[in-house]
Amino acid sequence: LPGKPSTVPGGTTVEKPARYEDAAGYNNFYEFGLDKEDPARYAKTLKPQPWTVQVEGLVNKPGRFDLEALLKLAPMEERIYRLRCVEGWSMVIPWEGYSLAELIKRVEPQGSAKYVEFVTLADDKQMPGLRSNVLNWPYVEGLRMDEALHPLTLLTFGMYGEVLPNQNGAPVRLVVPWKYGFKSGKSIVKIRFTEQQPKTAWNVAAPQEYGFYSNVNPQVSHPRWSQATERRIGEDGGGLFAKRRQTLMFNGYEAQVGQLYAGMDLKKFY
Amino acid sequence: MDRAALQRALLHPLAKPLVFALWLLPFVWLVWAAVADRLGANPAEALIRSLGDWTLRALLLVLLVTPLRITFRMPALARFRRMLGVFVFFYATLHWLAYVWFDMGFVWADVVADIPKRPFILVGSLAWLLLLALAATSFNRAIRALGAPRWQALHRAVYAIAVLALLHFFWMRAGKNNFQEVAVYAALFALVLGWRLWRRLAPQGSSVSSRI
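An unreviewed UniProt entry lists chain B under the name Protein-methionine-sulfoxide reductase heme-binding subunit MsrQ, from Hydrogenophaga crocea. Of chain B, the UniProt comment under Sequence similarities (unreviewed entry) reads exactly: "Belongs to the MsrQ family."

Moving on, we come to the packing of helix 3 (residues 43-71) of chain B against helix 9 (residues 157-174) of chain B. All names here are of chain B. Viewed as axis vectors pointing N to C, helix 3 and helix 9 meet at an angle of 145°, and their least axial separation amounts to 11 Å. Between helix 3 and helix 9 lies a crossing of left-handed hand. Facing helix 3, whose interface residues are Arg49, Leu56, Leu59 and Leu63, helix 9 presents Val158, Tyr159, Ile161, Ala162, Ala165, Phe169 and Met172.

Residues and elements named next belong to chain B. When helix 5 (residues 108-117) is considered as a whole, its buried residues turn out to be Val111, Asp114 and Ile115. Down the axis of helix 5, the sector holding all buried residues measures 100°, keeping them to one side. For helix 5, the exposed residues lying more than 90 degrees away from the buried face are Ala109, Val112 and Pro116. Looking at the packing, one finds that the buried side of helix 5 touches helix 4 (81-103) and helix 6 (119-136).

A few words now on the UniProt feature "domain: Ferric oxidoreductase" (unreviewed entry) in chain B. UniProt's feature table lists "domain: Ferric oxidoreductase" (unreviewed entry) at residues 52-165 of chain B, given in the numbering used throughout. For residues 52-165 of chain B, helix accounts for 83% and strand for 0%, while the C-alpha atoms at its two ends are 9 Å apart.

Another point: the interface of chain B and chain A. The interface is formed by 23 residues belonging to chain B together with 27 residues belonging to chain A. It is Ala41, Lys176 and Asn177 of chain B in chain B that bury the most area against chain A; as a group they hold 29% of the surface buried on that side. Our count for the chain B to chain A interface comes out at 2 salt bridges. Among the ionic pairs, arginine 244 of chain A bridges to aspartate 103 of chain B, the shortest N-O distance being 3.2 Å.

A word on the pairing of strand 8 (residues 154-159) of chain A. Residue and element names in this part refer to chain A. Within strand 8, 6 of the 6 residues are buried, which leaves the element mostly enclosed by the surrounding structure. In this sheet, strand 8 lies alongside strand 5 (residues 89-99) in antiparallel orientation, the contact comprising 5 bridges. Each residue of the ladder has a partner; that of serine 99, found in strand 8, is leucine 154. Sheet topology note: the strand 8/strand 10 (residues 173-175) ladder contains 3 bridges and is antiparallel. Bridged to leucine 155 within strand 10 is leucine 174. Bridge analysis of strand 8 against strand 9 (residues 162-163) gives 2 bridges, and the strand direction is antiparallel. Among the inter-strand pairings, methionine 159 is bridged to a residue of strand 9, identified as glutamate 162. The antiparallel pairing of strand 8 with strand 9 creates a hairpin that spans 2 residues between the two strands, and tyrosine 160 there sits at a positive phi of about 55°.

Turning next to the sheet that holds strand 7 (residues 140-144) of chain A. Residues and elements named next belong to chain A. Here we have 5 strands laid out as an open sheet, ordered 3-2-11-6-7, and mixed in their pairing. Of all strands in the sheet, those bounded by a partner on one side alone are strand 3 (63-66) and strand 7. Recorded for the sheet is a direction-independent mean angle of 20° between the axes of neighbouring strands. In the sheet, strand 6 (residues 115-120) pairs with strand 7 via 5 bridges, with the strands oriented antiparallel. Bridging from a neighbouring strand, glutamate 117 pairs with glycine 142 of strand 7. The sheet strands contacting helix 4 (residues 100-107) are strand 2 (52-57), strand 3, strand 6 and strand 11 (188-194), and the helix crosses strand 11 at an angle near 60°.

Looking at the element boundaries, proline 207 of chain A is found in the loop between helix 6 (201-205) and strand 12 (229-232). Spatially, the C-alpha atoms of proline 207 of chain A and serine 112 of chain A are 26 Å apart, while their sequence positions differ by 95 residues.

Cut-offs applied
Residues numbered from 1 in each chain as written. Chains lettered and ligands numbered in written order. Predicted model: local features only at pLDDT ≥ 70, side-chain atom pairs only at ≥ 80, totals over all residues. Heavy atoms only, no water. UniProt positions renumbered as here; feature names shortened; annotations may be inferred. Axes fitted to C-alpha atoms, helices over the stretch in contact; angles between N-to-C directions. Helix = DSSP H or I, 4+ residues; strand = E, 2+ residues; numbered from the N terminus. Left-handed = near helix turned anticlockwise from the far one by under 90°. Contact = heavy atoms within 4.5 Å. Buried < 20%, exposed > 50% of the residue type's maximum accessible area, 1.4 Å probe, protein only. Arc of directions from axis to C-beta. Buried area = accessible area lost by both parts, 1.4 Å probe. Salt bridge = Lys/Arg side-chain N within 4 Å of Asp/Glu carboxyl O. Pairing = 2+ DSSP bridges.

Right under this line is the structure:
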């Protein structure tokens, strides 16, 4: 799944990407188990084809998009993003996809559409992790309309030049690089345009710990740990003795996305 | 194997060195895995958590000695209790050092700032301090110096350590709603601590049972 290097500002960092086996072997994807190694172990049962994504809600052109149509909807770009997990680690990962805005423009949102909700697959025949009740299934995520339309918000089909491995959210996922990783839903089956703020999975499970916005912010601690630093996986001289690095505001994408939050109290809207 | 044979095996001169070597194995394995880069994508996290797991396991085992000894009438088991207790301290110390080293980069100002911010680290550190007191008084000379009753009262702190350690584990996992393993450890700790409570409250409890 080749993609042309992206020309979107901020779309290609020159930092060193993580090893493929780390990016595809160290995942949070609770539908396949709670340990980081579980998704790589158990996601073989996921069937990424055939696949359709239902687009519905406050749009003039709702519809079902099958995967082939989505793949052809816009030219594939390679984006090299920093990914910062809320747990305090990060990786640099090359993704293939195109701006979600391309899809949004085609379905013509109505003026009343303020938010976009992403519903991900919840099929207990394919996903053994659904047996545990750690979260309300299906896993739901959401963005404000301006966040969803931002060119950095990537509808993603591949990584490292190949189609997404199942454990990384095949066949189609979101990547929102200035937010903590859990905001980027995997294996998306439904995109809904709404007036109300979506009830997102982690916000419902633990509202004091995970807000709707969940922008990477070194100044706002998680109640259980500081977010000021992160461990970069795959860094040169990395491994056990690698020093933690300072976490950057909006994960280093402040120049591109800072204006979306002008005037907002980010301690309140965490 | 019948009880007499098992008792003889426990009294064998090689029994203690064998248990010692077995409990050193996780440490040896972790050092090897760290050197050979076999700890996965996030080796620091894997090492810290693994050392924590082994601390909990050693703590469970040391608390299991007395219930097993009394239930199966095998006094020879008592020989292993001190060594297992010191192993709890050994793994707890490595666990804490790994956190200070690999998470905090040995920057003490960061450690001091981190502890009050994170309740689970606070209770974990408290548990380690209590363990330090027990390890420091684990020598025969310390027992004599304190006198048996005072020494025994001090070493009942192991029950507080068990509760703090479990709370530490529970709070650590609470951030990701991941309670499956916490529930397993909680059930096992409830068993070994509940057994003592039951012995104490049982009406037939004689002066023998109150000495546990």
